[in-house]
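Results of the structural survey
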2 protein chains.
Amino acid sequence: MNDGPAKPAMREALVAAAFELFLERGFEQTTIDDIVSLAGVGRRSFFRYFPAKEDVVFPDHERSLAEMTEFLESGTGEEDPVKHACDAARLVLRMYAEQPSFSVQRYRLTRKVPGLRAYELSVVWRYEHTLAAYLRGRFADRPDGPLRADVTAAAVVAAHNHALRTWLRSGGESDWVVEVDAAMAFVTGTWNDRPGGESGGSGEPAESGADDVVVLVASRRAPLWRMVQGIESALGDARRL
Amino acid sequence: MNDGPAKPAMREALVAAAFELFLERGFEQTTIDDIVSLAGVGRRSFFRYFPAKEDVVFPDHERSLAEMTEFLESGTGEEDPVKHACDAARLVLRMYAEQPSFSVQRYRLTRKVPGLRAYELSVVWRYEHTLAAYLRGRFADRPDGPLRADVTAAAVVAAHNHALRTWLRSGGESDWVVEVDAAMAFVTGTWNDRPGGESGGSGEPAESGADDVVVLVASRRAPLWRMVQGIESALGDARRL
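Given the structure is predicted, the values throughout are model-derived calculations rather than measurements.

It is worth spelling out the overall build of chain A at this point. The secondary structure content of chain A amounts to ten helices and one strand. The secondary structure elements of chain A, listed N-terminal to C-terminal, are α-α-α-α-α-α-α-α-α-β-α. Counting across all 241 residues of chain A, residues that qualify as buried make up 47%. Carbon and sulfur atoms provide 51% of the accessible area of chain A, an area that totals close to 11700 Å².

Structure (structure tokens):
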């Protein structure tokens, strides 16, 4: 076995062997020695790819997190921040969808093994943290920026996870694009305003006429004419989009 | 040491001893034997109160989760579901705020110890799951009910955690009620509609005049007069409160 192009194959062989054993004997009952023995590689090869047994279950999250970060940073600062965060979350679901049977097997395994569930929660937290950091930057001008960023990031992650779970529970049979579209439309429909209250658009057309809403938040004590002024100003923004 | 009224004192002594050692030597370097020795109790006493070393760091979450569940179930089904979920989350922050110095110490410790961070994430997940289960019930009639419930529960938890972190970072010095009010007002301001789109109030008085807002969500294509009608109707509800 050479060290060059064989590397990805060895990594995949380790993942395949690990899953075969996890499903057969259980996660706790499987040792790293069992995995390397079935994969036909040395123990050191395992640690070249994975820091620990948990990591072999989630082999693609580091890459996916790096991809998400790169995507978020690729924004020009003109894009709608909530939509950009939703698009970043789509990348993660696509990663799962690229390997349906692996993702479905892992889902079943993760639900059974508390240690893996804890590991998964820590991965989800890192995605949420990455999205929140981006949104904090974009909402820097708002008085409620940090709060808004945290809540929106959590909403994006929850919507993503909802779509992912629906798809996984279908055994990977349902259309993941339909699931993620519905989930993200809920989030963008909730917060579809512009960062910092600035007017003017990114030049992107509104995605869906049906979900295109105007949101007015005003003190109940404000006179009606001031509220109408607020709506007119919001509609003005809309027309400029 | 008798077994009756001394129990809570023994439990508290164990928590105090554990924290003293965790902060002095680190979490990993402290054994349960060290803790019971400093607390002056037997090893079996520790396990009477805590399943594992992690649990001594979060001694009140089981009680708090039970309290949250009970509070959520106490709803009549007429209350605004998002507001009820927010009020349930307030109970958790109140639990932290009852013991400021303990909560602040724990926060500093948890940030340093990955194992505790993972444990905390699993606790947060249980709160979120509990809120989502309640909201799924309340949103059962909506076509997007399960998605809406998951996203809203995540938003409530994120807002709560934002308020909690702000308070903890102030060393427990800031006014936690002000923090949590602002955080929950953001969530209720985002989703303040009635389940199934029904109108009408819950009969509860508005909590705070200063934060009392009216939120209008309408299609951008709706004529202005229809939006004004919407505001008038919202103000009418407000006047009935």
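The structure having been displayed, the exposition proceeds.
Tallying each qualifying case throughout the model produces 17 aromatic pairs over all chains. Between the aromatic rings of A:Phe58 and A:Tyr119, the centroid separation amounts to 5.1 Å while the plane-to-plane angle is 15 degrees, which identifies the pairing as stacked. Separated by 61 residues along the polypeptide, A:Phe58 in the loop between α3 (43–49) and α4 (61–73) and A:Tyr119 in helix α7 (residues 114–138) bring together distant segments of the chain. With relative accessibility at 4%, the residue A:Phe58 sits in the buried group. When the centroid spacing of 6.5 Å and the interplanar angle of 10 degrees are considered together, the rings of A:Trp191 and B:Phe186 count as stacked. Of this pair, A:Trp191 sits in the loop between α9 (176–190) and β1 (213–219) while B:Phe186 sits in helix α9 (residues 176–190), which puts the two residues in different chains. Considered together, A:Trp191 and B:Phe186 belong to a single accessibility category, that of buried residues. Taking NZ or CZ as reference, A:Lys53 lies 4.4 Å from the ring centre of A:Phe27, over its face. Positioned over the ring face of B:Trp125 is A:Arg117, at 4.6 Å from the centre of the ring.

This part covers the nonpolar core. The tendency in soluble globular proteins is for nonpolar side chains to be buried as a group. A:Val57, A:Leu131, B:Leu14, B:Val57 and B:Leu131 are the most contacted members of the largest nonpolar core, which totals 133 residues. Apart from residues lying up to four places away in sequence, B:Val57 is in contact with B:Phe19, B:Phe22, B:Phe27, B:Phe102, B:Arg106, B:Leu109 and B:Leu116.

For the rest of this paragraph, the subject is the confidence of the model for chain A. All names here are of chain A. Scored by pLDDT, chain A has a mean of 83; 77% of the residues are at 70 or more. In the model of chain A, helix α10 (residues 224–240) stands out as the element of lowest mean pLDDT, 54, in contrast to helix α8 (residues 145–169), which has the highest, 98. pLDDT under 50 marks residues 194–211. Its contacts with residues more than four places away, or in other chains, come to 27 contacts. The ipTM for the predicted assembly is 0.75, set against a pTM of 0.75.

All names here are of chain A. Each assigned domain of chain A is listed with its residue range as follows: domain 1 (6–55) and domain 2 (61–198). Using C-alpha coordinates to define each centre, domain 1 is positioned 28 Å away from domain 2. Between domain 1 and domain 2, the residue contacts involve eight residues of the former and seven residues of the latter. For the domain 1 and domain 2 pair, buried surface summed over both sides reaches about 790 Å², with 80% attributable to carbon and sulfur atoms. Inspection of the domain 1/domain 2 interface yields zero salt bridges. For the pair domain 1 and domain 2, the interface holds one residue pair in polar contact (both at pLDDT 80 or more). The residue inventory of the side of domain 1 that touches domain 2, partitioned by class, reads five nonpolar, no polar and three charged.

Turning our eyes to something else, we now look at the pattern of salt bridges. Across all of its chains, the model carries 30 salt bridges over all chains by this definition. Ionic pairing is found between A:Arg90 and A:Asp87, a salt bridge with its closest N-O pair at 3.3 Å. Remark: A:Asp87 and A:Arg90 occur in helix α5 (residues 81–97); sequence separation between them is three residues, near one turn of the helix. The partner of B:Asp144 in a salt bridge is B:Arg148, with the nearest N and O atoms 3.3 Å apart. Residue classification places B:Arg148 among the buried residues on the basis of a relative accessible area of 11%. In the salt-bridge network here, residues are joined through shared partners; they are B:Arg11, B:Asp60, B:Arg63, B:Glu67, B:Arg94 and B:Glu98.

This next bit is on α9(A). The terminal C-alpha atoms of α9(A) lie 21 Å apart, and with 15 residues this matches the ideal 21 Å at 1.5 Å per residue to within 8%. Considered for burial, the residues of α9(A) that qualify are A:Glu179, A:Val180, A:Ala183, A:Met184, A:Phe186, A:Val187 and A:Thr190. Along the axis of α9(A), the buried residues cluster in a sector spanning 145 degrees; they form a single face. Its buried side turned inward, α9(A) meets α5 and α8 of chain A together with α8 (145–169) and α9 of chain B. The opening residue of α9(A) is A:Asp175, an N-cap whose side-chain oxygen sits 3.0 Å from the backbone nitrogen of A:Val177.

This next bit is on the environment of B:Ala158. Along the chain, the position of B:Ala158 falls in helix α8. The buried category is assigned to B:Ala158, whose relative accessible area is 8%. With 44 residues separating them along the chain, B:Ala158 and B:Pro114 place their C-alpha atoms 20 Å apart. Dropping the residues within four chain positions of it, B:Ala158 is found in contact with A:Asp150, A:Val151 and A:Ala154.

Here we come to the environment of A:Ser101. Its location among the elements puts A:Ser101 in helix α6 (residues 100–112). Sequence separation of A:Ser101 and A:Thr76 is 25 residues, and the distance between their C-alpha atoms is 36 Å.

Residues and elements named next belong to chain A. Taken N-terminus to C-terminus, the directions of α7 and α8 make an angle of 140 degrees; their axes are 8 Å apart at the nearest point. On the basis of the axis angle, α7 is oblique to α8. As α7 runs across α8, the sense of the crossing is right-handed. The residues of α8 that touch α7, namely those facing Val 124, Glu 128, Leu 131, Ala 132, Leu 135 and Arg 136, are Pro 146, Ala 149, Asp 150, Thr 152, Ala 153, Ala 154, Val 156, Val 157 and Asn 161.

Here α6(A) is 13 residues long and its end C-alpha atoms lie 19 Å apart, about the 18 Å a rise of 1.5 Å per residue gives. Among all positions in α6(A), only A:Phe102, A:Ser103, A:Val104, A:Arg106, A:Tyr107, A:Leu109 and A:Thr110 are buried.

About the cut-offs
- Position labels on residues start from 1 in each chain and follow its written sequence.
- All chains are assigned letters beginning at A, and all ligands numbers beginning at 1, according to the order in which they are written.
- Per-residue local features are limited, in this predicted model, to residues with pLDDT of at least 70; the limit for side-chain atom pairs, both in listing and counting, is 80 or more; totals at the level of whole chains, interfaces and linings are taken over all residues.
- As a rule here, side-chain values come from all non-hydrogen atoms in the structure, and water together with hydrogens is ignored.
- Going along the chain from the N terminus, every DSSP run of H or I of four or more residues is numbered as a helix, and every run of E of two or more is numbered as a strand.
- Using a 1.4 Å probe on the protein chains alone, a residue whose accessible area is under 20% of its type maximum counts as buried, one over 50% counts as exposed, and one in between counts as partly exposed.
- We get accessible surface area from the Shrake-Rupley algorithm with a probe of 1.4 Å; when it comes to residues, only the shown protein chains can shield them.
- Paired rings are identified among Phe, Tyr and Trp, the last through its six-membered ring, by centres lying within 6.5 Å, and are further divided according to the angle between planes into stacked (under 30 degrees), edge-to-face (over 60) and tilted (the rest).
- To sit over a ring, a charge needs its Lys NZ or Arg CZ within 6 Å of the ring centre and within 35 degrees of the ring normal.
- Nonpolar core, defined: a set of buried Ala, Val, Leu, Ile, Met, Phe, Trp, Tyr and Cys residues in which side-chain atoms within 4.5 Å join the residues together.
- Any pair of residues with heavy atoms lying within 4.5 Å of one another is described as a contacting pair.
- Residue-level confidence of the predictor, termed pLDDT, takes values from 0 up to 100.
- Residue ranges for the domains originate in an automatic or database domain assignment.
- Take the accessible area each of two parts loses on contact, using a 1.4 Å probe, and add the two losses: that sum is the buried area.
- For this analysis, a salt bridge means a side-chain nitrogen from Lys or Arg found within 4 Å of a carboxyl oxygen belonging to Asp or Glu.
- Any pair of N or O atoms that falls within 3.5 Å is considered a polar contact. Within protein, one atom must be able to donate a hydrogen and the other to accept it, and sequence-neighbouring residues count only if both atoms are side-chain atoms.
- For this classification, Asp, Glu, Lys and Arg are treated as charged, while Ala, Val, Leu, Ile, Met, Phe, Trp, Tyr, Cys and Pro are nonpolar and the rest, including Gly, are polar.
- Here a helix's expected span is defined as the number of its residues, less one, multiplied by 1.5 Å.
- By construction, the arc corresponds to the directions joining the helix axis to the C-beta atoms.
- Between the N-to-C directions of two axes lies an angle of 0 to 180 degrees, each axis being a line fitted to C-alpha atoms and, for a helix, fitted only over the stretch in contact.
- Reported orientations rely on four angle classes, namely roughly parallel under 35 degrees, roughly antiparallel over 145, roughly perpendicular from 65 to 115, and oblique for the rest.
- Here a crossing is called left-handed whenever its near helix is offset anticlockwise from the far helix by less than a right angle, and right-handed whenever the offset is clockwise.

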